Amino acid sequence: MKLISYQYNGKNSFGAVVGDRVVDLGEVYGARAPDLKALIAADLVADAAAKVAAAKATLPLNEVKLQAVIPNPGKIFCIGLNYGEHIRETGKEVTEKPVIFLRVADSQLGHGEDIVRPRVSERLDYEGEIAIVIGKGGRHISEADSWSHIAGYSCYNDGSVRDWQLHTSQWGPGKNFWKTGAFGPWMVTADEIAPDQKMTLITRLNGQELQRATTDMMVHSIPRQIAYISAFIPLEAGDVIVTGTPGGVGNKRTPQIFMKPGDVCEIEVDAIGVLRNGICDE
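Our subject in this report is the structure included herewith. The model shown is predicted, which means the values in this text are computed figures rather than measured ones.

**Description of the pairing of strand E2 (residues 11-18)**
Pairing analysis gives seven bridges linking strand E1 (residues 2-8) to E2, with the strands arranged antiparallel. By the bridge assignment, Leu3 is partnered in E2 with Ala16. Note: E2 against strand E3 (residues 21-24), four bridges, orientation antiparallel. Paired with Val18 across the strands is Arg21, a residue of E3. Between the antiparallel neighbours E2 and E3 lie two residues, among them Gly19 with a positive phi of about 65°.

**Description of helix H3 (residues 45-54)**
What sets the pattern is the α-helix's 3.6 residues per turn: residues three or four places apart point alike. When we look at burial in H3, the residues that qualify are Val45, Ala48 and Val52. The arc that holds every buried residue of H3, seen down its axis, measures 50°, which confines them to one face. Among the exposed residues of H3, those oriented more than 90 degrees off its buried face are Ala46, Ala53 and Ala54. Where H3 is buried, its residues touch E2, E3, helix H1 (25-29), helix H2 (36-41) and strand E14 (181-189).

**Here we look at the nonpolar core**
Membership of the largest hydrophobic core comes to 46 residues, with the highest contact counts inside it found for Ile4, Tyr153, Ile226, Ile241, Met259 and Ile272. Once you skip the residues sitting within four places of it in the chain, Ile272 turns out to touch Ile130, Tyr153, Ser154, Cys155, Trp186, Val188, Ile193 and Met199. In this structure, Leu39, Leu44, Ile70 and Ala151 belong to the second largest nonpolar core, which totals 31 residues.

**Notes on the side chain of Asp125**
The topology assignment puts Asp125 in strand E10 (residues 124-125). At a separation of 2.8 Å, a polar atom in the side chain of Asp125 contacts the side chain of Arg162. A polar contact is formed between the side chain of Asp125 and the backbone nitrogen of Asn251, at a distance of 2.8 Å. If sequence neighbours within four positions are ignored, Asp125 has contacts with Asp158, Gly159, Ser160, Arg162, Val249, Gly250, Asn251, Ile257, Phe258 and Met259.

Calculation rules
As a convention, each chain's residues are numbered from 1 in the sequence order in which they are written. Local features in a predicted model are, by the rule used here, given only for residues with pLDDT of at least 70; side-chain atom pairs are given and counted only at 80 or more, and totals for whole chains, interfaces and linings are based on all residues. Neither water nor hydrogens contribute to the side-chain values; these are computed over all heavy atoms in the structure. When DSSP finds two or more bridges between a pair of strands, those strands are recorded as paired. Helix and strand assignments come from DSSP, with helices taken as H or I runs of at least 4 residues and strands as E runs of at least 2, each series counted from the N terminus. Exposed residues in this analysis have more than 50% of their type's maximum accessible area, buried residues have under 20%, and partly exposed residues fall in between, with area computed by a 1.4 Å probe over protein chains only. Summarising the geometry, the arc corresponds to the directions from the helix axis toward the C-beta atoms. Should any heavy atoms of two residues lie within 4.5 Å, those residues are counted as being in contact. Residue types Ala, Val, Leu, Ile, Met, Phe, Trp, Tyr and Cys, when buried and joined through side-chain atoms within 4.5 Å, form a set referred to as a nonpolar core. Two N or O atoms form a polar contact when they lie within 3.5 Å of each other; inside protein one atom must be a possible hydrogen donor and the other a possible acceptor, and for residues adjacent in sequence the pair counts only when both atoms belong to side chains.

Have a look at this one:
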């Protein structure tokens, strides 16, 4: 099942994509689950699948404005330096534990929206990644149990303002500019993607392929990420983990390639779909 958060006729809601139409689950659940995060937290994903199977899809997909899959996550954890080629191109070394930084919800945007290049920089870089959405929270989750804590998977573009990222040893500013973290187009529920299924991640800018990797190339696997994060803080339903980008980022190319107004960036994951965003100036 493909679950989305969206706006239609000025109203925020969430639903399931069926072909080229949408089942409005916000209307189905009302106050019981007012958004996708609440649906996941209430353990209603399987119930929603049954309702979608019996429902008539009423809204045209091309008429809804897609939002970040989880517009209101409690926490967004991003994994840095998690593919060998990217580690090598940055001149860093493999770390024993995952490199983690945080994103804020206000930095996110949905499929079809324009990523915003800030007025203070022209070094806006792409980073194609796979995001996981936590379904069942917990503390000290073991690697063996981690798959059962995932609600679903999505595409993510961890847009990075490189000069601001490198102002100090702390990456926070460059990773949290307004409308730079694209998240979508939807969440594919975990029942459709097998645990440890090898997925292929591709990033294209204006049709040119710039990144390609498979998930088995991660230095720190998804189970290891969940186990490590849940050791220092409880994970909650709707939390997001952005699992790292492969080599080929624009900042490390010769010549460098940065996203600019008028460009179109696509993040494709074979088991999920294609996240597509234009680029505009602030």
